[in-house]
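Listed below, chain by chain, are the residues.
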Amino acid sequence: MSQPLSHRPHASSVGLIAPWPTRHQSKVEHDHRLAPCLHEVPLLDELGRLSQNNSGWILLIAPPKLPAAEQLRAQGINPARVLVVHGAKIKNWQHMLEQSLGNGHCAAVLTWLPEQIALDRAKLNTLGQRTGVLTRFFEPKGAPLPSNGALSYGGQDVYLNH
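Residues numbered from 1 in each chain as written. Predicted model: local features only at pLDDT ≥ 70, side-chain atom pairs only at ≥ 80, totals over all residues. Heavy atoms only, no water.

Q: Hey, could you run me through the overall build of the protein chain in this one?
A: A tally of regular secondary structure across the protein chain gives 4 helices and 9 strands. Along the chain direction, N to C, the helices and strands of the protein chain fall in the order β-β-β-α-β-α-β-α-β-α-β-β-β. Long-range pairs, those at least 24 residues apart, make up 76% of the contacts in the protein chain between residues at least 6 apart in sequence. A total accessible area of about 9,300 Å² is found for the protein chain, and carbon and sulfur atoms account for 53% of it. (Helix = DSSP H or I, 4+ residues; strand = E, 2+ residues; numbered from the N terminus. Contact = heavy atoms within 4.5 Å. Areas by Shrake-Rupley, 256 points an atom, 1.4 Å probe, with all protein chains shown as cover.)

Q: What is the right way to read the packing of aromatic side chains from this model?
A: Geometrically, a pair of aromatic rings is defined through the distance of the ring centres and the angle of the planes. One pass over the full model with this rule turns up 1 aromatic pair. Judged by centre distance (4.7 Å) and plane angle (20°), the rings of W112 and F138 are stacked. Here F138 lies in strand β7 (residues 134-138) and W112 lies in strand β6 (residues 106-112), a separation of 26 residues in the sequence. Using a relative accessible area of 1% as the deciding quantity, one classes W112 as buried. A cation over an aromatic ring shows up here: R81 above the ring of W57, its NZ or CZ 4.5 Å from the ring centre. (Phe/Tyr/Trp six-rings, centres within 6.5 Å; stacked < 30°, edge-to-face > 60°. Buried < 20%, exposed > 50% of the residue type's maximum accessible area, 1.4 Å probe, protein only. Lys NZ or Arg CZ within 6 Å of the ring centre and 35° of its normal.)

Q: Explain helix α4 (residues 121-131) to me, please; I cannot follow it from the model alone.
A: What sets the pattern is the α-helix's 3.6 residues per turn: residues three or four places apart point alike. For α4, the full list of buried residues reads R121, L124, N125, L127 and G128. G132 sits one or two positions beyond α4 and adopts a positive phi of about 75°.

Q: Honestly, the pattern of salt bridges in this entry has me stumped. Any pointers?
A: Between side chains of opposite charge, a pair can form as their charged atoms come close. The full count for this structure, using the stated rule, is 3 salt bridges. One salt bridge connects K123 with E98, and the closest N-O pair in it is separated by 3.4 Å. Within this pair, whereas K123 is found in helix α4, its partner E98 is found in helix α3 (residues 93-102), the two being separated by 25 residues in sequence. Assessed through its relative accessible area of 18%, E98 is described here as buried. Measuring nitrogen to oxygen at the nearest pair gives 2.7 Å for the salt bridge that ties E139 to R121. With E139 in the loop between β7 and β8 (151-153) and R121 in helix α4, this residue pair connects regions lying 18 residues apart in the sequence. (Salt bridge = Lys/Arg side-chain N within 4 Å of Asp/Glu carboxyl O.)

Q: Explain the confidence of the model for the protein chain here, please?
A: Detailed conclusions should not be drawn from predicted coordinates in areas where pLDDT is low. Looking at the protein chain, pLDDT values average 74 and 62% of them are 70 or higher. Across residues 22-38, where pLDDT falls below 50, the model places 54 contacts with residues more than four positions away in sequence or in other chains. The low-confidence segment residues 151-155 (pLDDT under 50) makes 7 contacts with residues lying over four places distant or belonging to another chain. (pLDDT = per-residue confidence, 0-100.)

Q: What's the story with the pairing of β6 in this structure? I'm lost.
A: Along any regular strand, the residues point their side chains to alternate faces of the sheet. Most of β6 is tucked away, with 7 of its 7 residues classed as buried. Where strand β4 (residues 57-61) and β6 come together, 5 bridges link them in parallel fashion. When the sheet's bridge partners are listed, L60 is paired in β6 with L110. Direction of pairing for β6 relative to β7: parallel, over a ladder of 5 bridges. When the bridges of β7 are listed, W112 appears paired with F138. A crossover links β6 with its parallel partner β7, the connecting element being α4, and its sense is right-handed. (Pairing = 2+ DSSP bridges. Right-handed = clockwise from strand over helix to strand, strands pointing away.)

Q: When you look at unusual backbone geometry in this model, what are you seeing that I'm missing?
A: Trans peptide bonds make up most of the peptide bonds, and negative phi angles are found at most residues other than glycine. With a phi angle near 50°, N54 is a residue other than glycine that sits in the positive phi range. Counting through the fold element by element, N54 comes out in the loop between α1 (36-52) and β4. A residue is classified by how much of its surface remains accessible, and N54, at 48% relative accessible area, is partly exposed. Phi is positive for Q116, which is not a glycine, with a value near 55°. Within the secondary structure layout, Q116 lies in the loop between β6 and α4.

As structure tokens, then:
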């Protein structure tokens, strides 16, 4: 189900290793999509800090490709603090994320979402903020923006009188 990345990957997966994240991301607190290249360096720096402090696990849920331990070390991330959960093993994404955010064992939860997944992002947002877990969702390319029921324009809430 999950595996630490403190050891070398199997020879069959070495060719699959590429830099990540590879898809658009949405930060739970803001529910908007950002290009990964704009925030990848600060995210990797923060993951490095969290892994060196031993403040909890860095959980990668359904990453498209596995990062190598050497690649993590090069970014300052301790691979012994990284766990991977493969997407095929997840039956209930909402429950998995709630458990990961609320169990007190994770410092960061990075999730690569499959197509057509519906999540209660307000609940996940509240849980992540309450527990102080760094949370990122990486959306599939071309996926519609997540809807939390609120309409906003330029960062301001919009209320319709109908």
